[in-house]
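A structural walkthrough
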Amino acid sequence: TDIRVEVARYRPGQDEEPVFQGYDVPLVADWAVLDGLNYIKDQLDGSLSYRWSCRMGVCGSCGMTVNGEPRLTCGTFLTEFGGGPIRIEPLKGFPVIRDLVVDIDGFLAKLSSVRPWLVREGEELPLSAEYAQTPEQLEAYKQYSMCINCLLCYSACPVYVLDPDFLGPAAIALAQRYNLDSRDMGDRFDVLNQEDAVWGCTFVGECTRVCPKHVDPAEAIQRYKVTAALRSVLPWSRR
Ligand code: FES
């Protein structure tokens, strides 16, 4: 048995608008949607463009819109869609480079803007210096360190889709990954306490619902709203 897979095809600058192209793909029980795309690419149409790498939910590169939902295509099975058809489009909210490949430069700039590294002040230690942590200290930020930068949370976020300048779920969760790390001495208040950052979030929670790694970015954002609000009355409180 085959399943019909309809894929958005688009070459900006050459095509007026995206069109759906249909392909029949074998409905194999253990094939992910990504396996279906690879079948199309290898057997039917080598011109199809999409990103993928690990095939195991680690690299974060295979995110696409599958029947209207942002999904990791390597973790979404063809059999989830009954008899089909399955519609595959690029992630919403990002400029399309070609077919299913989107431009992630804006997203990468947002990640960089939160200073995603351990900030240390007033010390000159050798690079080999150790900064021991207890399991409890690790637990305080570990959830936020599980992000694979797959962009699903942005594509699901109604604030981001309307306002591309919104700092967005993954970047704020990344900031909290460092804010809550006992080794970090940095301060990201200037970046986070903005209308286009935590205060732009309307707490719809779609980011958390679609996150394949259970990072819970919505919680990260609400938590920093409390931090920022406290700071307005207790200026010395930083975390
Ligand atoms: Fe790496 Fe899907 S291919 S997360």
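In what follows, the structure referred to is the one given above.
Residues numbered from 1 in each chain as written. Predicted model: local features only at pLDDT ≥ 70, side-chain atom pairs only at ≥ 80, totals over all residues. Heavy atoms only, no water.

**With respect to the overall build of the protein chain**
Where we set the bar: We count a stretch as a helix when DSSP gives it H or I for four or more residues in a row; a strand needs E for two or more, and each element gets its number in order from the N terminus. Each residue is placed in one exposure class: buried if its accessible area under a 1.4 Å probe, protein chains only, is under 20% of its type's maximum, exposed if it is over 50%, and partly exposed if it falls in between. What makes two residues a contact is simply this: any of their non-hydrogen atoms within 4.5 Å. Residue burial considers only the protein chains on display, and all accessible areas are found by Shrake-Rupley using a 1.4 Å probe.
Along its length, the protein chain carries nine helices and seven strands. Expressed as lengths along the three principal axes of its C-alpha atoms, the size of the protein chain is roughly 65 × 35 × 30 Å. Counting only residues that meet the buried cut, the protein chain has 43% of its 239 residues in that class. Residue pairs at least 24 apart in sequence account for 64% of intrachain contacts in the protein chain once pairs closer than 6 positions are excluded. When the accessible surface of the protein chain is split by element, carbon and sulfur atoms take 53% of a total near 12300 Å².

**Considerations on the pattern of salt bridges**
Counted only if it meets this: Any Lys or Arg side-chain nitrogen located within 4 Å of an Asp or Glu carboxyl oxygen qualifies as a salt bridge.
Applying the stated criterion across every chain yields a total of 15 salt bridges. A salt bridge links R9 to D45; the shortest N-O distance between them is 2.9 Å. Of this pair, R9 sits in strand β1 (residues 2–9) while D45 sits in the loop between α1 (33–44) and β3 (63–66); the two residues are 36 residues apart in sequence, bridging distant segments of the chain. Exposure class is identical for R9 and D45. Each is buried.

**Some words on the packing of aromatic side chains**
Where we set the bar: Ring pairs shown here join Phe, Tyr and Trp side chains whose ring centres sit within 6.5 Å, with only the six-membered ring taken for Trp; geometry is labelled stacked below 30 degrees between planes, edge-to-face above 60, and tilted in between. A positively charged side chain is recorded as over a ring if its NZ (Lys) or CZ (Arg) lies within 6 Å of the ring centre. The angle to the ring normal must also be within 35 degrees.
Under the criterion given, the structure shown has four aromatic pairs. Pairing F94 with Y160 gives two aromatic rings, centres 5.3 Å apart and planes at 40°, and the pair type is tilted. Here F94, found in the loop between β5 (86–89) and β6 (96–98), pairs with Y160, found in helix α5 (residues 158–162); they are 66 residues apart in sequence, far enough to count as distant. When its relative accessible area of 8% is taken as the criterion, F94 is described as buried. The class for Y160 is buried, based on a relative accessible area of 5%. Seen from their ring centres, Y154 and Y160 are 5.1 Å apart, and the 85° between their planes marks the pair as edge-to-face. Above the ring of F20, the side-chain terminus of R87 is found at 3.6 Å from the ring centroid. One cation-aromatic arrangement involves R177 over Y178; the distance from NZ or CZ to the ring centre is 4.1 Å.

**Brief notes about the sheet that holds β5**
Condition: Strand pairing follows a simple DSSP-based rule, namely that at least 2 bridges must link the two strands. Axis lines are fitted to C-alpha atoms, over the contacting stretch for helices. Their N-to-C directions set the angle, which ranges from 0 to 180 degrees.
If you walk across this open sheet you meet the five strands as β2-β1-β5-β3-β4, and the pairing is mixed. The open sheet has two free edges, formed respectively by β2 (19–26) and β4 (69–72), since each of these has just one partner strand. The average angle at which neighbouring strand axes cross in this sheet is 35°, direction not considered. The pairing of β1 with β5 spans three bridges and is parallel. Bridging from a neighbouring strand, E6 pairs with R87 of β5. Of the strands in this sheet, β1, β2, β3 and β5 touch α1, which is tilted by about 95° from β2.

**Describing a nonpolar patch on the surface**
Applicable threshold: Residues forming no salt bridge and having over 30% relative accessible area are the ones grouped into patches, like charges within 9 Å of each other and nonpolar side chains (Val, Leu, Ile, Met, Phe, Trp, Tyr) within 5 Å.
A grouping of V226, L230, V233 and L234 is seen on the molecular surface, where their side chains present a nonpolar patch of about 330 Å² in accessible area. Among the structural elements, L230 can be located in helix α9 (residues 217–233).

**What about helix α6 (residues 169–179)?**
In terms of burial, α6 is largely enclosed, as eleven of its eleven residues are buried. Regarding α6, the residues found buried are P169, A170, A171, I172, A173, L174, A175, Q176, R177, Y178 and N179. Looking at the buried side of α6, the elements it contacts are α2 (105–113), α3 (135–142), α4 (152–156), α7 (189–192), α8 (206–210) and α9.

**Re the pairing of β5**
Residues of β5 alternate between two faces, with I86 and I88 buried on one and R87 and E89 left unburied on the opposite face. The pairing of β3 with β5 spans two bridges and is classified as antiparallel. Following the sheet pairing, V66 is matched in β5 by I88.

**So, the packing of α6 against α9**
Just so we agree on the cut-off: Note on convention: the crossing is left-handed when the near helix lies turned anticlockwise from the far helix by less than a right angle, right-handed when the turn is clockwise.
Closest axis-to-axis distance for the α6/α9 pair is 8 Å, and the angle between their directions is 65°. By crossing handedness, the relation of α6 to α9 is classed as left-handed. Residue-level contacts link P169, I172, A173, Q176 and N179 of α6 to P217, A220, I221, R223 and Y224 of α9.

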